[in-house]
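Structural description and commentary
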Amino acid sequence: VTSPCKILKCNSEFWAATSGSHHAGAEEAPEFCTALRAYAHCTRRTARTCRGDLAYHSAVHGIDDLMVQHNCSKDGPTSQPRLRTLPPGDSQERSDSPEICHYEKSFHKHSAAPNYTHCGLFGDPHLRTFTDTFQTCKVQGAWPLIDNNYLNVQVTNTPVLPGSSATATSKLTIIFKSFQECVDQKVYQAEMDELPAAFVDGSKNGGDKHGANSLKITEKVSGQHIEIQAKYIGTTIVVRQVGRYLTFAVRMPEEVVNAVEDRDSQGLYLCLRGCPLNQQIDFQTVRSAQATEGRARRKGPSLPAPPEAFTYETATAKCREKLPVEDLYFQSCVFDLLTTGDVNFMLAAYYAFEDVKVLHSNKDKLHLYERTRVLTPGNTAPMGTHPTLWVALLCLCWLCLL
């Protein structure tokens, strides 16, 4: 499903027109204003379909601010000349940022190094929380991944196939909140077939504040891989587009993860709380059914066949090409190939694990494996426990009582 709101296209065109910087020199002010008017015209064209889009409203406010800052008239030409790239001395990137805009220097000057945690979301979709819990979820629609005093992250998951409850991430919105003299509020938004290398206002750093360069976007692979460094909160975010869908990975200090005014108000914060129970998929049961049936197993009844038919054997063979260790990333790969038939989900699992290797601070916890299921009221014995052993244990208890 592709959103009719084309604000990301407007953002990209403005960014291309201003050659990587929205701070033009005095001699370039007319050209910058021309590009800015074209940007405003583009947002007006898509206003009706973007009414409820956060990135759209952020862009509109950003345009108004830039118009004032550069004394631009709202009337005039709207062609988009390409401005020259400014020399380093004229850019916003400053090497003398305040110490408070460097997390490790400011927050931990007199204490031990911070403990970093990792959260990731990929595939159909699979979630690794900050506490290294691994879940496979449905979570169709918009869901918050992170919500604390410094930033919010929201994902939108849409059906992979018509009529299927198999979902994947089609849209991602990240809001970096204004922070002291370091950064202005910035919004990043990506969606299917649109992975910008800039914030929605066209900038690539934290704005006009003195520590603006403590928040930066770097494009690693055009249209496929971007990285956001937020040094003022010690956070690194990686966003990828693999096939048609997005993956998300973050490295964040525990102190930032838990920085909320009211812990009880965090609610459904997936990276910390995990998916709600009614949104979780019993990964073990479904995978077991996949293996025995040798065909795709859906998360709902009477679902259409995937575009490519994988058997359990061909799916496991395909996943071993990129994921030789049979951990939960490997099992997720198999699950997704059987569920969707889309080989790009194999790459999503592969890149998710590559991001874990870079972002996770504990190299002993890179691989995750299934744990024995907890016995709850109404459940049978934990998986892996033989019924005969339970009978023997009961007999032993009776003998002890006698």
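Residues numbered from 1 in each chain as written. Predicted model: local features only at pLDDT ≥ 70, side-chain atom pairs only at ≥ 80, totals over all residues. Heavy atoms only, no water.

**Some words on the packing of aromatic side chains**
The full count for this structure, using the stated rule, is nine aromatic pairs. With a centroid separation of 5.7 Å and 65° between ring planes, the pair formed by Y150 and F179 is classed as edge-to-face. With Y150 in the loop between β4 (141–147) and β5 (151–159) and F179 in the loop between β6 (167–176) and β7 (186–191), this pair connects stretches of sequence that are 29 residues apart. Both residues of the pair, Y150 and F179, count as buried. Here F176 and F199 contribute two aromatic rings whose centre-to-centre distance is 6.0 Å and whose plane-to-plane angle is 80°, an arrangement assigned as edge-to-face. Pair noted here: F176 is in strand β6 and F199 is in the loop between β7 and β8 (215–221), with a separation of 23 residues, a long-range link. Note on accessibility: F176 and F199 belong to one class, buried. Members of the aromatic cluster, each reached through a chain of ring pairs, are F122, F134, Y329 and F353. Its guanidinium or amino end placed over the ring of Y116, R251 lies 3.6 Å from that ring's centre, counting from NZ or CZ. Residue placement shows K322 over the ring face of Y350; its charged tip is 4.7 Å from the ring centre. (Phe/Tyr/Trp six-rings, centres within 6.5 Å; stacked < 30°, edge-to-face > 60°. Helix = DSSP H or I, 4+ residues; strand = E, 2+ residues; numbered from the N terminus. Buried < 20%, exposed > 50% of the residue type's maximum accessible area, 1.4 Å probe, protein only. Lys NZ or Arg CZ within 6 Å of the ring centre and 35° of its normal.)

**Digging into the environment of N152**
Position of N152 relative to the elements: it lies in strand β5. Separated by 24 residues in the primary sequence, N152 and F176 have C-alpha atoms spaced 6.8 Å apart. Those residues in contact with N152 that sit more than four places away from it in its chain are I146, D147, T173, I174, I175 and K177. (Contact = heavy atoms within 4.5 Å.)

**Here's the deal with the packing of helix α8 (residues 312–320) against helix α9 (residues 328–340)**
The geometry of α8 relative to α9 is characterised by a closest axis approach of 9 Å and an angle of 130° between their N-to-C directions. When the axis of α8 is compared with that of α9, the two are oblique. Between α8 and α9 the crossing geometry is right-handed. Contacts from Y312, A315, T316, K318, C319 and R320 of α8 reach α9 at F330, C333, V334, L337 and L338. For the contact of α8 with α9, a count of residues per class yields eight nonpolar, one polar and two charged. (Axes fitted to C-alpha atoms, helices over the stretch in contact; angles between N-to-C directions. Parallel < 35°, antiparallel > 145°, perpendicular 65-115°, else oblique. Left-handed = near helix turned anticlockwise from the far one by under 90°. Nonpolar A, V, L, I, M, F, W, Y, C, P; charged D, E, K, R; others polar.)

**Digging into the sheet that holds β8**
Across the sheet, which stays open at both edges, the seven strands sit in the order β3-β2-β1-β11-β10-β9-β8 with antiparallel pairing between neighbours. What marks the edges here is a single partner per strand, and that holds for β3 (134–136) and β8. Neighbour to neighbour, the strand axes of the sheet diverge by 10° on average, direction disregarded. Of the pairings in the sheet, the one linking strand β10 (residues 235–242) to strand β11 (residues 245–253) comprises seven bridges and is antiparallel in character. Within the sheet, the bridge partner assigned to V239 lies in β11 and is F248. Sheet strands in contact with helix α10 (residues 344–359) are β1 (116–122), β2 (126–128), β10 and β11, and its direction is about 165° off that of β10. (Pairing = 2+ DSSP bridges.)

**Quick look at the pattern of salt bridges**
Counting across every chain of the model gives six salt bridges. Of the charged contacts, one joins R128 and D132 as a salt bridge, the two residues approaching to 3.0 Å between their closest N and O atoms. D132 gets classed as buried once you look at its relative accessible area, which sits at 10%. One salt bridge in this structure joins R320 and E326, with 2.7 Å as the shortest N-O distance. (Salt bridge = Lys/Arg side-chain N within 4 Å of Asp/Glu carboxyl O.)

**Looking at the sheet that holds β5**
Spatial ordering of the open sheet is given by β4-β5-β6-β7, a layout of four strands whose pairing is antiparallel. Because the sheet does not close on itself, it has two edges, and the strands there are β4 and β7. Mean inter-strand twist for the sheet, computed between neighbouring axes without regard to direction, equals 20°. Two elements, β5 and β6, share nine bridges in a ladder whose sense is antiparallel. Its bridge partner lying in β6, N152 is registered against I175.

**Some words on the pairing of β4**
Examined bridge by bridge, β4 and β5 share six bridges and lie antiparallel to one another. Bridge pairing in β5 links W143 to V155. Between β4 and the antiparallel strand that follows it, β5, lie three residues.

**Description of the state of the cysteines**
Under the definition given, this model contains six disulfides. Disulfide pairing places C101 opposite C182 at an S-S distance of 2.0 Å. Handedness of the C101-C182 disulfide follows from its S-S torsion of about -100°: it is left-handed. On the criterion of sequence distance, the pair formed by C101 in the loop between α3 (54–69) and α4 (103–106) and C182 in the loop between β6 and β7 is long-range, its members being 81 residues apart. Looking at C101, the relative accessible area reads 3%, which means it is buried. Each sulfur in the disulfide pair C119 and C271 lies 2.0 Å from the other. (Disulfide = S-S within 2.5 Å.)

**A look at the confidence of the model for the chain**
Chain-level statistics for the chain give a pLDDT mean of 78 and a share of 73% at 70 or above. Confidence over residues 294–306 falls short of pLDDT 50; this stretch has 40 contacts with residues more than four positions distant or in other chains. For the stretch residues 372–402, pLDDT sits under 50, and the model shows 15 contacts to residues farther than four places along the chain or on other chains. (pLDDT = per-residue confidence, 0-100.)

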